[in-house]
Amino acid sequence: MSDSRRLRIAIQKSGRLSDDSIALLKAIGIKLNIRDRLLIAHSTNENIDLLRVRDDDIPGLVMDGVVDLGFIGENELEEKMLERQAAGKAADFEVLRRLDYGGCRLSIAVPNEFNYESVKSLEGKKVATTYPYLLERFFKESGVNAKAVMLTGSVEVAPRAGVADAICDLVSTGATLEANGLQEEEVIFRSKAVLIQRADGEISDEKQALINRLVPRIDGVIQAKE
Ligand code: ATP
Ligand code: ZN
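Structural notes, computed from the coordinates.

## Section: the sheet that holds strand β3 (residues 48-53)
If you trace the 6 strands from one edge of the open sheet to the other, you get β2-β3-β1-β4-β11-β5, paired in mixed fashion. Of all strands in the sheet, those with a lone pairing partner are β2 (40-42) and β5 (93-98), marking the two edges. In this sheet, neighbouring strand axes are inclined to one another by 30 degrees on average, regardless of whether the strands run parallel or antiparallel. Relative to strand β4 (residues 69-73), strand β1 (residues 7-12) runs parallel, the two being bridged by 2 bridges. Looking across to β4, one finds that A10 is bridged to G70. Taken strand by strand, helix α6 (residues 205-225) contacts β1, β3, β4, β5 and β11 (193-198), and its axis lies near 30 degrees from that of β5.

## Section: the nonpolar core
Membership of the largest hydrophobic core comes to 28 residues, with the highest contact counts inside it found for L7, I9, L24, L25, I28, F71 and L99. By residue number, the principal contributor to this core is α6, which donates 7 residues. Those residues in contact with L25 that lie beyond four places of it in its chain are I9, I11, I30, L32, L50 and F71. Counting residues in hydrophobic clusters, the runner-up holds 21 residues, among them V110, Y116, V127 and L134.

## What to know about the sheet that holds strand β8 (residues 147-150)
On the basis of which strands lie adjacent, the open sheet formed by 5 strands has the order β8-β7-β9-β6-β10 and mixed pairing. Each end of this open sheet is capped by a strand with a single partner; those strands are β8 and β10 (182-191). Each adjacent strand pair in this sheet contributes to an overall mean axis angle of 30 degrees, direction not counted. Note: strand β7 (residues 126-129) against strand β9 (residues 166-171), 3 bridges, orientation parallel. Bridged to T129 within β9 is C168. On top of the sheet, helix α3 (residues 74-86) reaches β9 and β10; it is set at about 75 degrees to β10, its chief contact.

## Regarding the site of ligand 1
Around ligand 1 sit 15 residues, and of these R16, R54, D56, N75 and S172 come closest. Residue R54 places a side-chain N or O atom 2.8 Å away from an oxygen atom belonging to ligand 1. Measuring from an oxygen atom of ligand 1, one finds a side-chain N or O atom of D56 at 2.7 Å. One can see that ligand 1 is located within the largest pocket. The class makeup of the residues in the shell around ligand 1 is 4 nonpolar, 7 polar and 4 charged.

## Examining the pattern of salt bridges
Going through the model one piece at a time under the given rule, you end up with 14 salt bridges. Note that E46 is salt-bridged to R217, the shortest N-O span being 3.9 Å. Within this pair, whereas E46 is found in the loop between β2 and β3, its partner R217 is found in helix α6, the two being separated by 171 residues in sequence. Across the pair R84 and D64 runs a salt bridge whose closest N-O atoms are separated by 2.7 Å. In this pair, R84 is assigned in helix α3 and D64 in the loop between α2 (58-63) and β4, connecting sequence segments 20 residues apart. Look at R84 and you get buried, because its relative accessible area is 9%. One network of salt bridges, with partners in common, ties together D68, R198, D200 and K207.

## Describing the side chain of R6
On the secondary structure map, R6 appears in the segment before β1. Classification of R6 as buried rests on a relative accessible area of 16%. Looking at R6, its side chain comes within polar contact range of the main-chain oxygen of S43, at 3.3 Å. A polar contact of 3.4 Å, which involves the side chain of R6, links it to the side chain of N47.

Cut-offs and rules
- Residues numbered from 1 in each chain as written.
- Chains lettered and ligands numbered in written order.
- Predicted model: local features only at pLDDT ≥ 70, side-chain atom pairs only at ≥ 80, totals over all residues.
- Heavy atoms only, no water.
- Pairing = 2+ DSSP bridges.
- Helix = DSSP H or I, 4+ residues; strand = E, 2+ residues; numbered from the N terminus.
- Axes fitted to C-alpha atoms, helices over the stretch in contact; angles between N-to-C directions.
- Contact = heavy atoms within 4.5 Å.
- Core = buried A, V, L, I, M, F, W, Y, C linked by side-chain atoms within 4.5 Å.
- Buried < 20%, exposed > 50% of the residue type's maximum accessible area, 1.4 Å probe, protein only.
- Near = heavy atom within 4 Å.
- Polar contact = N/O pair within 3.5 Å; in protein donor to acceptor, adjacent residues only side chain to side chain.
- 1 Å grid on protein atoms, 1.4 Å probe; cavity = no way out; pocket = protein on both sides within 12 Å on 5 of 7 lines; lining within 4 Å.
- Sits in = over half its atoms within 2 Å of the grid points.
- Nonpolar A, V, L, I, M, F, W, Y, C, P; charged D, E, K, R; others polar.
- Salt bridge = Lys/Arg side-chain N within 4 Å of Asp/Glu carboxyl O.

Take a look at the structure:
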């Protein structure tokens, strides 16, 4: 059974944010007993439980008040916020800190043979992405009539597969784009990992006191690395 007095923190179970998020929790003095297959991990020295889930689920868990805190990439957070707003669902949260890991950019890339001149070159085109709301917002702001085609994986092969004319995907070094014969043309969003808190006013004083104790320690860890 879950104990409502324990602070609940959602982190990505396995992926690019997992190791850095766990390292940060450990660096601020939270002792954790993480077993690979388990969804829940309990801290042995603080009133804290970790919920280990897919990163896609973290914004909703925080916005629905299922967990108190979450470590998440701004790209995923912003996408889910737009999706929830479009569906008329509550999308409240508070960003406690922007963190020093998980850096990447969401970019539009086209096949090398695509004659790209400006964003207008995308007029009437299909662009494959896992982030349709962020991409549609960019199209709207740019005054371009293009279509976002949702793919949850293998976005980079979509042009070769004839599914789309271009892609919009996360990039860090650009090696994946290059390996797939794609050229980065537009950066539409720059992202880092953030720590977010539920903003529904339902956090107890005890939990808030614990959060207020943890956040300055995060600042200390980040400053020590600079
Ligand atoms: P999950 O199984 O949890 O859904 P995922 O495949 O969606 O995992 P990851 O590839 O582990 O997610 O990426 C998680 C987050 O890491 C991204 O949303 C982004 O914020 C960040 N990130 C940093 N660099 C990159 C990169 N080069 N490519 C993709 N994501 C990156
Ligand atoms: Zn994901």
